[in-house]
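Geometric and topological summary
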Amino acid sequence: MDLKLLSGQRKTELRLCTMVGATCSMGALNFGIGAFYNYILAVWIVYKLTVSRCRLRISTKSGYFSFFASFLVSIMLSFAASFLVIDLPGRMQLLKLAFKYIMLFGFLSCAYNSYEMKQVRESFLKGMEIGSLIQMIWGYLQIIVYALFRIKLNTVIFSELLHVTVGGNTVRFDHFVGGPNDAVIRMTGLGWEPANFSLIMIVGFILWMKKKKYTIGIFFLFAILLSTSRSGYVAFAGVICYWFLMLFKGKMKMKSRLFAFCLVFMAVACFGILFAGDSLSNRISGILAGLKNITDISDADSSTGVHASYYLNLLNVLKEENILNVIFGCGYFSAGYRFSIFYGNPVSSGLGWNPETDVVTLIVGNGIFGAFIYYFYAVKAIIRNKNNKWAYMVTAVLFEGITYLTIRGSWSMLLVLFALV
């Protein structure tokens, strides 16, 4: 796409879209009432509606609009069902969550036709290429600065200097594994979650490898490894498995490949939840620490048992719900309230701590209906794109969601939406 051939207003819109793509994964850029990319998004929407004088219209034939419409119905039904189980403060938080998604997806679905959406998604992807490269460079800087000077880069800049908080709460920006004496700092990039960093590294790996920039791709590959994120390993394993399935493109029918993909998804899910966990991360971290304390995991992040408990207790939580909440959920993208009650920790206000997994959150929060909609369109996006970069990126999001909550970050949802264009 050549911006020179476009009008000045359209150029500005697409540049704003590129900026959103570049910054949407950077959790550390969180100022005032929200993440930095939300401010860019707000400027983009206002500019489109005022300066460009956009007339909103609905293209019912587009695949992305049907996703948005189904998604909107799911939100409405889930919110209505939440009245049965969640108090008023919790429902107010649900409204805040809904506003962000409805505003973003509704804007894209109604402000651009199918041809324009292709331009928008190309600009967004260009931004993600730039953003993933910045994230990767920053991640290596984290390790180098700590190794040479014992300076926790993110803590110094974002916590101590800029006083970045999330929802008014202090954030732990740096994490370590490998033991207290020879600890290795985990790559988190411009953020604090190794899992989020590993996902954008996988996206960056896919994008730059598709551009045949193999040297840069290798740096992304090592960044995935150095994040020591179990969720990232699971997601990358899913991408590799999907790549192997595509090698049999001429030898297997699409239905057979889809069936094999589902089997692989379940197998990787079981492996990631029950076995791959922290032991793998700690072993890698021990190797990085110089093989000195390969069995010393005192400073490691031990969350394997917690993630497994979400799945093991899922049926027990559902048994305590009425049929309406089982079908339509207890509050979209929010299973924390019900799990807190189940664990005997009543929520005084808000929605409680949410299980860090898309699968459990969708089933409990959005209900069987909402979970079906999300996975139906995600798989549809993969089938639609087959062997191109969009299919691989959506695959990464799906597999990462086994042990990480990606759907709360709108950029992973945008990948699914754009893959349907």
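Up top is the structure.
Residues numbered from 1 in each chain as written. Predicted model: local features only at pLDDT ≥ 70, side-chain atom pairs only at ≥ 80, totals over all residues. Heavy atoms only, no water.

**What to know about the pattern of salt bridges**
Under the counting rule described, the total for this entry stands at 5 salt bridges. Between Glu-116 and Arg-10 there is a salt bridge, and its shortest N-O distance comes to 3.0 Å. Residue Glu-116 is located in helix H5 (residues 114-149), and its partner Arg-10 is located in helix H1 (residues 8-23); the two are separated by 106 residues in the primary sequence. The same class applies to Glu-116 as to Arg-10, namely buried. When salt bridges with common partners are traced through the structure, they connect Arg-10, Glu-13, Lys-48 and Glu-116 into a single cluster. (Salt bridge = Lys/Arg side-chain N within 4 Å of Asp/Glu carboxyl O. Helix = DSSP H or I, 4+ residues; strand = E, 2+ residues; numbered from the N terminus. Buried < 20%, exposed > 50% of the residue type's maximum accessible area, 1.4 Å probe, protein only.)

**Details of empty space enclosed by the protein**
All chains considered together, the criterion is met by 3 cavities of 30 Å³ or more. Roughly 40 Å³ of internal volume is contained in the second largest cavity. Lining the second largest cavity, in full, are Phe-71, Ser-74, Phe-333, Leu-362, Asn-366, Gly-370, Ile-373, Tyr-374 and Met-413. At the level of elements, helix H3 (63-82) and helix H15 (358-385) are the ones that each hand at least two residues to the lining of the second largest cavity. Sorting elements by how many residues they give to the lining of the second largest cavity places H15 first, with 5 residues. (1 Å grid on protein atoms, 1.4 Å probe; cavity = no way out; pocket = protein on both sides within 12 Å on 5 of 7 lines; lining within 4 Å. Points joined across faces, edges and corners; volume = space filled by probe spheres on them.)

**Some words on the side chain of Thr-18**
Note that Thr-18 resides in helix H1. With relative accessibility at 15%, the residue Thr-18 sits in the buried group. Of the polar contacts made by the side chain of Thr-18, one reaches the backbone oxygen of Ser-123; its length is 3.2 Å. Each residue touching Thr-18, except ones within four places of it in the same chain, is listed here: Ser-123, Lys-126, Gly-127 and Ile-130. (Polar contact = N/O pair within 3.5 Å; in protein donor to acceptor, adjacent residues only side chain to side chain. Contact = heavy atoms within 4.5 Å.)

**Considering the nonpolar core**
Counting residues in hydrophobic clusters, the biggest one holds 97 residues, and the most contacted among them are Trp-44 and Leu-108. Aside from chain neighbours lying at most four places away, what touches Trp-44 is Glu-13, Leu-16, Cys-17, Val-20, Phe-107, Leu-108, Tyr-112 and Val-120. By size, the runner-up hydrophobic cluster in this structure holds 10 residues, among which are Leu-29, Leu-153, Phe-158 and Val-171. (Core = buried A, V, L, I, M, F, W, Y, C linked by side-chain atoms within 4.5 Å.)

**Here we look at the packing of H1 against helix H2 (residues 36-50)**
The angle between the axes and the distance between the axes are what describe a pair of packed helices. Interaxial distance between H1 and H2 falls to 9 Å at its minimum, and their mutual angle equals 160°. In terms of their interaxial angle, H1 and H2 are classed as roughly antiparallel. Here H1 runs over H2; the crossing is left-handed. Judged by residue contacts, Gly-8, Gln-9, Arg-10, Thr-12, Glu-13, Leu-16, Cys-17, Met-19, Val-20 and Thr-23 of H1 engage Phe-36, Tyr-37, Ile-40, Leu-41, Val-43, Trp-44, Tyr-47 and Lys-48 from H2. Tallied by class, the residues present in the contact of H1 with H2 amount to 11 nonpolar, 4 polar and 3 charged. (Axes fitted to C-alpha atoms, helices over the stretch in contact; angles between N-to-C directions. Parallel < 35°, antiparallel > 145°, perpendicular 65-115°, else oblique. Left-handed = near helix turned anticlockwise from the far one by under 90°. Nonpolar A, V, L, I, M, F, W, Y, C, P; charged D, E, K, R; others polar.)

**Here's the deal with the packing of H5 against helix H7 (residues 194-210)**
Direction vectors running N to C along H5 and H7 enclose 120°, while the axes themselves pass 9 Å from each other. One way to sum up the angle between H5 and H7 is to call them oblique. Like other packed secondary-structure pairs, H5 and H7 cross with a definite hand, here left-handed. Together, Leu-125, Met-128, Glu-129, Ser-132, Leu-133, Gln-135, Met-136 and Gly-139 of H5 and Phe-197, Ile-200, Met-201, Val-203, Gly-204, Leu-207 and Trp-208 of H7 make up the contact between the two elements. Looking at the contact of H5 with H7, its residues break down into 10 nonpolar, 4 polar and 1 charged.

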